[in-house]
Amino acid sequence: DKEDRRRIQEFIVLCESEEYVTKCLNIPVKTFIPKKYPNVYKNQGIETAKMLRAFLGYNNTLKLYKDIFFEFRSIGVHIFRRKLKNSKISGLFMNHPSAGKCILINYDEDIFRQNFTLAHEICHALLDANSDYNVSFKNEMLDYRELRANSFAGYFLMPDELICPFKSRVINSEIVIDLAVKLKVNIQPLLIALKSRNIISQTQYEEFEKLKVPLMEKQDYELKGLSEKRYREKRALLEMGLSDHYVKQCYEAYLQGYVSTGKLAEMFMLSNDKELVDLLNLYSLKISYEY
């Protein structure tokens, strides 16, 4: 689709801009070096997820991430969310020649699905970094690399220490929904995780498959607690790819004199100062006309 190609091109510009800002501000990056594998097997996803969870400090069985996007950005991956017209595309990974590892998540999906898609693409970034790019589609026939990425996502989001304690409990619909909300995942991947640990039977799987997480529980972490007007404004920015993280980092580079007002507007894909002022007002930020 022509429109999606344009949006993906703009995503690349966002990644290049963020890489420039990261270097200007000397933003620290945690260097995670994954194990190398000569061949591709599904269980490598689980093994890599275990290593990354330990690297990020998730050794406490009760510790859950607050913002998975922040966690993965901390290891030097450029992550953006943009709404794509093609709803079949969940996400893509690109190994950019100068910006490095870059991930685009389709903002058309609900936040729980975005969480899983992001973890899936992170596996590609870690274990398939020799590829120039990888596009992930919904409900596609999976090859071994896609299966490996799914196993990584499933284990990173739903590790043994958070799932296995339920072996001693009688599982009902309420528990399934509560656990999905706690882990910020949709019902199907949770049921796959429970069944793979022999916590539920095939009959229970088919019974619980009809469950849905209430939409009110799927609140985007960047949109919580906003007024209706501000919610609409911030959501429109997120659909363009402009996260709080990106906006604030670019603005800091502007304050420190690394980018001009015009360049800042360009980084936000805006055409004039008025649009820039309006955007910055949403964050209670101001243009400094000294630059």
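Everything quoted here is computed from the prediction, not taken from an experiment. (Residues numbered from 1 in each chain as written. Predicted model: local features only at pLDDT ≥ 70, side-chain atom pairs only at ≥ 80, totals over all residues. Heavy atoms only, no water.)

Among the secondary structure elements, Glu222 is positioned in the loop between α9 (202-208) and α10 (228-240). The exposure class assigned to Glu222 is buried, which follows from its relative accessible area of 7%. In terms of polar contacts, Glu222 uses its side chain to reach the side chain of Tyr221, at 3.4 Å. Aside from chain neighbours lying at most four places away, what touches Glu222 is Arg81, Lys234, Leu238, Ser243 and Asp244. (Helix = DSSP H or I, 4+ residues; strand = E, 2+ residues; numbered from the N terminus. Buried < 20%, exposed > 50% of the residue type's maximum accessible area, 1.4 Å probe, protein only. Polar contact = N/O pair within 3.5 Å; in protein donor to acceptor, adjacent residues only side chain to side chain. Contact = heavy atoms within 4.5 Å.)

Moving on, we come to the nonpolar core. Of all hydrophobic cores here, the largest spans 53 residues; its most connected members are Leu52 and Leu190. Those residues within four positions of Leu52 in sequence are excluded, and the remaining contacts are Phe32, Phe72, Ile75, Ile122, Leu126, Phe152 and Phe156. One finds Leu25, Met267, Leu279 and Leu282 within the second-largest nonpolar core, a separate group that totals 36 residues. (Core = buried A, V, L, I, M, F, W, Y, C linked by side-chain atoms within 4.5 Å.)

Before going further, it helps to spend a moment on the packing of helix α1 (residues 2-24) against helix α11 (residues 244-255). Following both chains from N to C, one finds α1 and α11 inclined at 50°, their axes separated by 10 Å at the closest point. By the angle between their axes, α1 is oblique relative to α11. Read as a crossing pair, α1 and α11 show a hand that is left-handed. Residues Leu14, Ser17, Glu18, Val21 and Thr22 of α1 touch α11, and the partners they reach there are His245, Tyr246, Gln249, Cys250 and Ala253. (Axes fitted to C-alpha atoms, helices over the stretch in contact; angles between N-to-C directions. Parallel < 35°, antiparallel > 145°, perpendicular 65-115°, else oblique. Left-handed = near helix turned anticlockwise from the far one by under 90°.)

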